[in-house]
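# A closer look at the structure
Here are the chains, one letter per residue:
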Amino acid sequence: MTESTQFIVIPLLGLLAATALTVARMRDLWAAVMLSGIYSFLGACWMMVLDAPDVAFTEAAVGAGISTVLMLATLSHTSRTAKSRPRISWPALIVVIVTGSVLAYGTLDMPHYGDPDAPIHRFPSPTYIEKTEHDVHDMPNVVTVVLASYRGYDTLGETTVIFTAAVAVTLLMRIRRPEVTAS
Amino acid sequence: MLYGLVLLGVVITMCLALYRASQGPTVFDRMLAANMFGTKTVLLICIVSFLIDRTDFLDLALLYSLMSFIGMVAVLRFSKYGTFADVDEAIDQSGPTGKSLRDVS
């Protein structure tokens, strides 16, 4: 984020908050799914302005693309409107406000955005950037090298978890299949 | 300065689309608003990439528009047939008019 794009952050965050409030108050679940897709697009815009295009693209692909489709598939198995308007639960509201305040207080100690003395810029990154050229031949993207090479086993484990979840969901959803072919 | 004005215009259009998505009486208003929001995202990324002088973001904007298109096709197909199964199968079950269309609106 440079000086020139700084003024766009506040409107984007305001739109994010407005979308979140609208989704929370929406009783029509189909519209809520559409609005959550919009929320993901806004989040992707915001991350793009913060100079994190890879995270922004993941947000757009997973949030606006896949989870919208998954939510719609869920809606096809359940009802399309929420049953009743929930009443305000005061203890829950107080707990949420206290937790939010504590989290906001915690961010006060964090280093500023783009601070060169921040731990994340000083501790592991220079080593990776220096050694990437030598360890992995001609790979220009450090993030790709870290994910696919240095943390290869970690990524393999994550992929295994996702694969297992996909197999489990496929097996569960297959139960409906014979009815369709029989009729 | 010019980029700033265009950016402001895009944000205002985003507000209008958000209003239509939250108030829109029919399904198609909401769908159109969501589709427009995808387009506005692509535009915003283009403008920001010119603003901070990193035009390699433009490739990402292209990918975004592709994603938005595929997602919208999936949503339209779902609201027309009520299922992600084969279209022929869905027509056999619910008739070509698609009864799910009236249920959601």
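This report concerns the structure included in the present document. (Residues numbered from 1 in each chain as written. Chains lettered and ligands numbered in written order. Predicted model: local features only at pLDDT ≥ 70, side-chain atom pairs only at ≥ 80, totals over all residues. Heavy atoms only, no water.)

### Some details on the overall build of chain B
- Of the regular secondary structure elements, chain B holds five helices and zero strands.
- If you list the helices and strands of chain B from N to C, you get α-α-α-α-α.
- Counting all 105 residues of chain B, 39% fall into the buried class.
- Considering only contacts within chain B whose residues lie at least 6 apart along the sequence, 37% involve residues at least 24 apart.
- Counting only carbon and sulfur atoms, one obtains 65% of the accessible surface of chain B, whose full area is about 5800 Å². (Helix = DSSP H or I, 4+ residues; strand = E, 2+ residues; numbered from the N terminus. Buried < 20%, exposed > 50% of the residue type's maximum accessible area, 1.4 Å probe, protein only. Contact = heavy atoms within 4.5 Å. Areas by Shrake-Rupley, 256 points an atom, 1.4 Å probe, with all protein chains shown as cover.)

### Notes on the overall build of chain A
- Secondary structure summary: chain A contains nine helices and zero strands in total.
- The order of helices and strands in chain A, counted from the N terminus, is α-α-α-α-α-α-α-α-α.
- In terms of overall dimensions, chain A is more spread out than a globule: its C-alpha atoms have a radius of gyration of 22 Å, far above the 16 Å expected for 183 residues.
- Projecting the C-alpha coordinates of chain A onto the three principal axes gives extents of approximately 60 × 45 × 30 Å.
- Residues classed as buried in chain A amount to 22% of the 183 residues present.
- Considering only contacts within chain A whose residues lie at least 6 apart along the sequence, 52% involve residues at least 24 apart.
- For chain A, the accessible surface area stands at approximately 12900 Å², while carbon and sulfur atoms represent 68% of it.
- Taking the 12 positively charged and 15 negatively charged side chains of chain A as two groups, their mean positions are separated by 23 Å. (Rg over C-alpha atoms; globule rule 2.2 N^0.38 Å. Lys, Arg positive; Asp, Glu negative; His and termini not counted. Charge placed at Lys NZ, Arg CZ, Asp CG, Glu CD.)

### Considering the interface of chain A and chain B
- Listed by partner, the interface residues are 38 residues for chain A and 39 residues for chain B.
- Taken together, the two surfaces of chain A and chain B that pack against each other cover about 3300 Å², and 84% of this comes from carbon and sulfur.
- Broken down residue by residue, the surface that chain A buries against chain B is led by Trp30(A), Phe41(A) and Met48(A), which jointly contribute 19%.
- Where chain A packs against chain B, one counts one salt bridge.
- Residues Asp28(A) and Arg30(B) are paired through a salt bridge, measuring 3.4 Å at the closest nitrogen-oxygen approach.
- Summed over the shared surface of chain A and chain B, the number is two residue pairs in polar contact (both at pLDDT 80 or more). (Buried area = accessible area lost by both parts, 1.4 Å probe. Salt bridge = Lys/Arg side-chain N within 4 Å of Asp/Glu carboxyl O. Polar contact = N/O pair within 3.5 Å; in protein donor to acceptor, adjacent residues only side chain to side chain.)

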